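Architecture at a glance
This is what each chain is made of:
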Amino acid sequence: MLYNEPSPLETRVLSFRFGLPNSATLDTYLATRGYEAFRKAAGMKPEEIIEQVKISNLRGRGGAGFPTGMKWSFVPRTSPKPKYIVVNADESEPGTCKDRVLMENDPHQLIEGCLIAGLAVDAHAGYIYIRGEYRYLIEVMDKAIAEAYEKGWLGKNIQGTGFDFDLYTHSGAGAYECGEESALLESLEGKRGIPRIRPPFPAVVGAFQCPTVLNNVETYCAVPAILRDGGAAFAALGVPKAGGTKMTCLTGHVNKPGVYELRLGFPVKQMIEEVGGGIRQGRKLKAFIPGGSSCPVLTAKEVEGATMDYDSMAQRKSMLGSGGVIIMDEETCMVKAALRIMRFYAHESCGWCIPCREGTTWLRKILTRFHAGGGTRSDIDLIGDLSRNMLGRTFCPLGDAAAMPTLSIVEKFRGEFEDHLNGKPCPFERAGEMVTA
Amino acid sequence: MPDLVKLTIDGKAVQAAPGTLVIDAAKMAGIEIPAFCYYEGLTLQAACRMCLVEVEKMPKMMTACTLPVAEGMVVRTETPQVAQARKYTLEFLLTNHPLDCPVCDKGGECELQDMVFRYGAGESRYTEEKVHTPEKQFSPVVFFDAPRCILCFRCVRICNEGMGVGALGVIYRGVLSEIAPNHGDHLECDECGACIDICPVGALTSGIYRYQTRPWEMQHVGAICTHCGDGCKTTLGVRNNRIIRGNNRDHSGINGEFLCIKGRYAFDFYDHPERLQAPLVRKNGKLEEVSWSEALDTVANRFNQIRADGGTFGVIGSNHTTNEENFYLRKFAREVLATPHIDHHRTGDVTALVDALSGKTGRMATVADLYNRKAVLVLGADLAREHPLLSFQIRANYRHHQAHVYAVTPGPVREDKYAVASVRVASGGYFAALEDLRARLKAEPELVIVFDDSFKGPDVHRLVEFGESLGIPVRYICLVDYSNSRGALDMGLVPGEGGMRLDEMLAADLSALWVVGANPFKGTPGVPGSVARKARFLVVQDLFLTETAEQADVVLPAASAYEKSGTVTNTTGEVQRLKRAINTMGAKPDLEIMGFIARQMGAAGALGPWVPETVFAEIRRTVHGYDIPLPEIDTGGAAPTTPVNGRVTEAGGPRPDLIRSDHNGLFASGTLGRYSKVLNSVLEGRLDR
Amino acid sequence: MTFSPQLEARFDKLLKSYPPGRQRSAMIPMLMYAQDELGSVTDELVDEVARRVGVTPLQVNEVLSYYSMLHRKPLGKYHVQVCTNISCLLCDGDKLWEHACKKLGIGHKEVTADGQISLEEVECMGACSWAPAIQVNYDFEHFVTPEKLDQILDGLRKKA
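Residues numbered from 1 in each chain as written. Chains lettered and ligands numbered in written order. Predicted model: local features only at pLDDT ≥ 70, side-chain atom pairs only at ≥ 80, totals over all residues. Heavy atoms only, no water.

1. Digging into helix 14 (residues 458–469) of chain B
Residues and elements named next belong to chain B. Spelled out, the test is: Here a helix means four or more residues in a row that DSSP labels H or I, a strand means two or more in a row labelled E, and each is numbered from the N terminus. A helix is expected to span 1.5 Å multiplied by its residue count minus one. Per-residue accessibility, obtained with a 1.4 Å probe over protein chains only, is compared with the maximum for each type, and a residue is labelled buried under 20%, exposed over 50%, and partly exposed between these values. It is the directions from the helix axis to the C-beta atoms whose arc is reported.
In this model helix 14 runs 16 Å from its N-terminal to its C-terminal C-alpha over twelve residues, within 8% of the 16 Å that 1.5 Å per residue would give. When we look at burial in helix 14, the residues that qualify are Val 460, Leu 463, Val 464, Phe 466 and Gly 467. The buried residues of helix 14 all sit within an arc of 155° when viewed along its axis, so they share a single face. Residues of helix 14 that are exposed and point over 90 degrees away from its buried face: Pro 458 and Glu 465. Just beyond helix 14, the residue with positive phi is Gly 471, at close to 75°.

Below you can see the structure in the form of structure tokens.
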């Protein structure tokens, strides 16, 4: 099911089956070049598969953007231990809802991606770790997996290729931190979602202490297209160092929010104006978050001329992230935004390391007081200072994820903090009024 | 030996073995890198972030506690960035940590205080409300104050990894994360208190010690635990002649960081209300308090009278008294009382082991061997309950060196969790089980065999034959029950030629029976009621009015191990010094009592001075294997003894049937255990007796 | 402890889904599905799951208390979860939350007196492009206006 109208500006590589009748069924999948890539890959050497993925310039779609082919090549294929494929379907980055539609509308694409990854690293079992809130997607995936087993696309000797592969879904239970790959593995093993000390990285010591390929749903979903049409074709869709398309979630103050598949390097301005139908109520853009609430916030001026790709965002000292675009108009209170973001990270901090555990809570308390009019001028500096001293010092990236948006907001929108001083009510508060969606 | 890795820390050239962590390499070079969560021997956490250091060519600061040394690595631990990170981490920690240091038990020996003093900021910028949650009592001995907890997870790890118990965990997440006990609101565990010792702050506190004193008001006296035979050092905190706490925070002694509930808390029998304060003499059938001089006169006169009448003396010694006292008692019995009837309650057949090993050297294993040797075979004993230090050592050996552990026991034991083989045997089935393991044991490079009183007499010889037939180096430990069981045997508290054994003495028509620190009339375990005395005159030296003392004609109140000096020998034959921690009113050390009796009898000259040091000098001269280096034990160490290397025969032949262990669990300790408030207060004691 | 045949079948399948000796992996999914059937994670359930996956009850407690979707206290028959995280907030998810509280007369993690409906202010649930969003048990509702919320809640009351 689609929750928003597609846009003609999309480049539909991963989402081309969306909207087809019974798009989640094996019949539809097979009728639309489904499992073609697997058949092709089954006839290739593992290193050839990995080479195609490298050529495609596919980068991890979960947020970190690590080159996928390289990640796969780190798996010691010759290790006597079993290897595992793990799918990160713990989509929890605020602003992000793309894996949901990928699994809901085209579950077999994900299964095929897992199979190809299995061929590439000699893995014969996979786990799809799906966040607990996506219960209905566990059912969708289970149904597709059952269908695949029934028709010989999973299990022993798949389609006579001699390749065995088992695939399972695994439910999370509500923890953003489990989106971090090593915390996800802990959770998969029935433990608290606390990240692991790295190195070793999951490619070498991952699920059940065995070598593991761990990628985001969207990353695996890109693999069939890469193998089917060749890595070069995929690479050509994007920009020089990042191939393909990005499932992009437009959220916040746009007229046509939704999930759209856009080629990497898509201009931000066109994305907001044409894909998203412009800012609501004809207002102006105030702030822009490129890929989930962990990314540093960009001002309207900063995103001028920007494109949706890793380098363009890095040049602006932000990140492409997960594809969760958050658009804030001129009526947005940035103090409130900073507070809400920090509330989230304080709630989701696993509690393992001191700077994140204590820092997020302290910042949440300051921002709560501040937004309520109890702030002082020195608090503004303190917010920045504490954020800076969390950056790069925490056990896992969650500390950075909390610090980066906060720091960028307090630095770029200092004036709004000053407007909240001296017991003044929030200048943007529209009590009781609710904008109809 | 692999080549050492060369690196630079703060400009100093440092060499370290490959795999060494930067934090340890720095320590070796005299550079302290602060840390809360890092704790040698436990799993790594990288949680507290105090040990962040700068490393050249690395973009971010690295945790020195997880970073192995690398050739050419350049580490800086005192840069402005590092200093700032430490300052902020401490500021973060202090946001919710209550500043109740003036009333906190840990004040003065708190790692957080020390860190803030060295690395912290002068003032906090935290002005938000602190979250207070009430203190929780996890058990009679463990209290938990959540706001003070800095979540270093040391307690969780020592309980899980060190003790093999896993009674503490972490619940909730983020800033709400909290240490939790295994049974909802309370602990069911060994009650060892290791979690309290390892806590860097005052989050976990001791039910016995809390709010009693400030640490600096105490004197710290290294004593040896007087309960089981393992011989743990316990550092007693003493103020105004009172023992306030026991711990081993300096990790000295053979036990390192280990102590069980007995070593940490069960010193508390010393001020039990029933403790004898004055000598008692039976008058008109009732025991009445008398002066020391009257009591000593009564004993000395009667002893002299019996000597003059040619009567028969029986002497029963103790498993708890010092080597000096045992030595002096034996000498007294043999030379002054001229009796061969002397014995003590024997709990393990060390004699048979020494005899079986005749002609072989270096075959008695030490406590350290259990940590260092590649394989350990446990026979019979439930070590975690009866010899917790030995169990701890084996567990640490497994964790750190992947030692192979074999457990051949009648019931499930804690070693099962990591043993390469666990075998359940009925009594009599041991040798069949050993034969089944023969091939695997033969393949081990070396072995330590630990056995309890399941092996006695000929079985010990057979066991040694089995061990010797493996063709690998084998060392042995014969388990004995109490703090100086081994010393009692070594000092010769055994019958001489024609002498009666303990059980025979109880039944014999003796002119006098002298019982020092033992309770032989208590009767056999499981059989209700005590044994009635037969001896015509009964003298008892003890701390309490035991079943034996109740029947005495004269009861002489004795000092406990913590109230006297001397030496004791543990189950592995290692000698350690006891230092007097407190003075007593009323009671006297057994050595002194015996000396006074000798003096009153006019026999002191034959026995020499009743000064521990003098007696020990004589022991070193005359007792085989006790010529141990004094500096070793005078500095708080343990010196292994070398037993007689030749056939050892027992007068009257071996009587393995008289050897029986009490198999005290963690919450029992023979007669002494009955007077410990703590041992009797914990829930597990009632479950586990 | 006995469960429905469906849940038992699910447990069986879960316990077979992981490599040998890794049954602990089944713990979190087992707790989730059992909670759905029992209404909350009871002490009895903790012991039972601990037994089945071969860990101590404390280890189960450590895990379950970490995850925000596992509840020790019973929730309403219909658990209404309102997202107020950033994307929903920008679409007045916070006002929607206040509206829900006022309408039901209960607050965060509270249950109506009849035990039918409970409320929870939740973090991002993955419906950001269709904000503001709520979940009733596991069912998503997108583009929720106060009026739509009223209808949903009234509908739940009727069902209850």
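2. Comments concerning the packing of helix 5 (residues 98–105) of chain A against helix 7 (residues 135–150) of chain A
Residue and element names in this part refer to chain A. The condition is simple: Under this scheme, a helix contributes an axis fitted over its contacting stretch, all axes are lines through C-alpha atoms, and angles between N-to-C directions fall in the 0 to 180 degree range. Working rule for handedness: look at the near helix, and if it is turned counterclockwise from the far one by less than a right angle, call the crossing left-handed; if clockwise, right-handed. Note on definitions: a residue-residue contact is assigned when non-hydrogen atoms from the two residues lie within 4.5 Å. Residues are grouped as follows: nonpolar covers Ala, Val, Leu, Ile, Met, Phe, Trp, Tyr, Cys and Pro; charged covers Asp, Glu, Lys and Arg; every other residue, Gly included, is treated as polar.
Interaxial distance between helix 5 and helix 7 falls to 9 Å at its minimum, and their mutual angle equals 35°. Of the two elements, helix 5 crosses helix 7, and the hand of that crossing is left-handed. Mapping the contact onto sequence places Arg 100, Met 103 and Glu 104 in helix 5 and Tyr 136, Leu 137, Val 140 and Met 141 in helix 7. Taken together, the residues of the contact of helix 5 with helix 7 sort by class into five nonpolar, no polar and two charged.

3. Describing the pairing of strand 21 (residues 447–451) of chain B
All names here are of chain B. Operational definition: Only strands that DSSP links by at least two bridges are regarded as paired with each other.
Burial runs high along strand 21: five of the five residues are buried. Along strand 21, one buried face is formed by Leu 447, Ile 449 and Phe 451 and the opposite face, lined by Val 448 and Val 450, is buried too. Bridge count for strand 18 (residues 375–379) against strand 21 is four bridges, and the pairing is parallel. Bridged to Leu 379 within strand 21 is Phe 451. Pairing analysis gives five bridges linking strand 21 to strand 22 (residues 474–478), with the strands arranged parallel.

4. Observations regarding the environment of Asn 570 of chain B
Residues and elements named next belong to chain B. Defined as follows: Think of a polar contact as two N or O atoms within 3.5 Å of one another; within protein, one of them needs to be a possible hydrogen donor and the other a possible acceptor, and neighboring residues in sequence only count if both atoms come from side chains.
Topologically, Asn 570 is positioned in the loop between strand 26 (566–569) and strand 27 (574–578). When the C-alpha atoms of Asn 570 and Asn 484 are compared, they prove to be 6.0 Å apart, with 86 residues separating the residues in sequence. Once you skip the residues sitting within four places of it in the chain, Asn 570 turns out to touch Gly 229, Asp 230, Gly 231, Ile 254, Val 367, Ser 483 and Arg 486. Within the structure, the side chain of Asn 570 is placed 2.8 Å from the backbone nitrogen of Glu 574, a separation counted as a polar contact.

5. Quick notes on the domain arrangement of chain C
Rules: Domain delimitation follows an automatic or database domain assignment.
What the domain assignment reports for chain C is domain 1 (5–64) and domain 2 (78–159). Each of domain 1 of chain C and domain 2 of chain C has a C-alpha centre, and these two points are 29 Å apart.

6. Focus: the interface of chain C and chain A
So the rule is basically this: A quick way to say it: buried area is the sum, across both parts, of accessible area lost when two parts are put together, with a 1.4 Å probe. Just to be clear on terms, a salt bridge is a Lys or Arg side-chain nitrogen sitting within 4 Å of an Asp or Glu carboxyl oxygen.
In this assembly, 52 residues from chain C lie in contact with 70 residues from chain A. Interface of chain C and chain A: buried area, both sides summed, is about 4,900 Å²; carbon and sulfur atoms make up 57% of it. Summed over the three residues of chain C that lose the most area to chain A, namely Tyr 66, Leu 90 and Trp 130 of chain C, the buried surface amounts to 14% of that side. Applying the counting criterion to the chain C and chain A interface returns six salt bridges. Of all the secondary-structure elements, those providing two or more residues to the side of chain C that touches chain A are helix 2 (27–38), helix 4 (57–64), helix 5 (86–90), helix 6 (93–104) and strand 3 (117–122) of chain C. Considered class by class, the residues forming the side of chain C that touches chain A number 30 nonpolar, twelve polar and ten charged.

7. Describing the interface of chain B and chain C
Contact with chain B, which involves eleven residues of that partner, is made by seven residues of chain C. Carbon and sulfur atoms supply 57% of the area buried between chain B and chain C, which totals about 670 Å² over both sides. Considering only the side of chain B, the residues that lose the most area to chain C are Ile 171, Tyr 172 and Arg 173 of chain B, jointly responsible for 56% of the buried surface there. Taken together, the links from chain B to chain C amount to zero salt bridges. In this structure, the connection of chain B to chain C is made through three residue pairs in polar contact (both at pLDDT 80 or more). Those elements giving two or more residues to the side of chain B that touches chain C turn out to be strand 8 (168–171) and strand 9 (178–181) of chain B. Broken down by element, the side of chain B that touches chain C gets its largest block of residues, four residues, from strand 8 of chain B.

8. Observations regarding unusual backbone geometry
Along the chain, Arg 198 of chain A connects to Pro 199 of chain A via a cis peptide bond; the corresponding omega equals 0°. Note on placement: Pro 199 of chain A falls in the loop between helix 8 (181–188) and strand 4 (212–216). The omega torsion of the bond from Ala 131 of chain C to Pro 132 of chain C falls at -5°, within 30 degrees of zero and hence cis. With respect to the helices and strands, the residue Pro 132 of chain C is situated in the loop between strand 3 and strand 4 (134–136). The phi angle at Lys 317 of chain A is positive, at roughly 60°, despite the residue not being glycine. As for its position among the elements, Lys 317 of chain A is in the loop between helix 12 (310–315) and strand 11 (324–329). The phi dihedral of Lys 109 of chain C falls on the positive side, at around 60°, and the residue is not glycine.

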